[in-house]
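A look at the structure
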Amino acid sequence: MDMISSYLIPLLYLYFAYRLIRHPAPFGENGGISTRRAKESEEIWNYVQRTAGNYCLVAAVCIALIVYLIAENYEEVTGTVYWVQIGIQVASIALFLPVVNYQTNRKFPKKK
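Let us look at the structure shown here.

About the thresholds
Residues numbered from 1 in each chain as written. Predicted model: local features only at pLDDT ≥ 70, side-chain atom pairs only at ≥ 80, totals over all residues. Heavy atoms only, no water. Helix = DSSP H or I, 4+ residues; strand = E, 2+ residues; numbered from the N terminus. Buried < 20%, exposed > 50% of the residue type's maximum accessible area, 1.4 Å probe, protein only. Contact = heavy atoms within 4.5 Å. Areas by Shrake-Rupley, 256 points an atom, 1.4 Å probe, with all protein chains shown as cover. Patch = residues over 30% accessible without salt bridge, like charges linked within 9 Å, V, L, I, M, F, W, Y side chains within 5 Å. Salt bridge = Lys/Arg side-chain N within 4 Å of Asp/Glu carboxyl O. Axes fitted to C-alpha atoms, helices over the stretch in contact; angles between N-to-C directions. Parallel < 35°, antiparallel > 145°, perpendicular 65-115°, else oblique. Left-handed = near helix turned anticlockwise from the far one by under 90°. Nonpolar A, V, L, I, M, F, W, Y, C, P; charged D, E, K, R; others polar.

We now examine the overall build of the chain. Looking only at helices and strands, the chain features 5 helices and 0 strands. Counting from the amino terminus, the chain carries its helices and strands in the arrangement α-α-α-α-α. By the burial criterion, 31% of the 112 residues in the chain qualify as buried. Looking at the chain alone, contacts between residues at least 24 apart form 68% of all its contacts between residues at least 6 apart. Taken as a whole, the chain presents about 7700 Å² of accessible surface, with 60% of it coming from carbon and sulfur.

See below:
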């Protein structure tokens, strides 16, 4: 697998981490991570942006490390190893919003 395509998802995660942590979208405007909970208040909005940025940063480092270790241990990344690598990247994307929502609900319990 091509080196650039192997690191595409981690690079995108780094970009989004930078945008969400250093330049978050203002409350109530388009952009950023907009969930139902995030729209409740500016405090929750800011927390969601920061949490999502931190998730992106951790995911980028973990995926880049996995890609590097796979590339170092296998001359050619094909077959099962390729699909494991892709599966880890897809799982990190699929878990993005559930993890952010879980962290938000722990910090700001829903009022009954």
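Having put the structure on the table, let's press on.
Where nonpolar side chains cluster on the molecular surface, the patch consists of L8, L12, Y15 and F16 and spans about 390 Å² of accessible area. Along the polypeptide, F16 turns up in helix α2 (residues 8-22). Residue F16 is classed as partly exposed on the basis of its relative accessible area of 43%.

Helix α3 (residues 42-73) packs onto α2 with a crossing angle of 155° between their chain directions and a minimal axis gap of 8 Å. By the criterion of interaxial angle, the relationship of α2 to α3 is roughly antiparallel. Like other packed secondary-structure pairs, α2 and α3 cross with a definite hand, here left-handed. Residues I9, P10, Y13, L14, F16, A17, L20 and I21 of α2 touch α3, and the partners they reach there are Q49, R50, A52, G53, N54, Y55, C56, L57, A59, A60, I63 and A64. Taken together, the residues that form the contact of α2 with α3 break down as 16 nonpolar, 3 polar and 1 charged.

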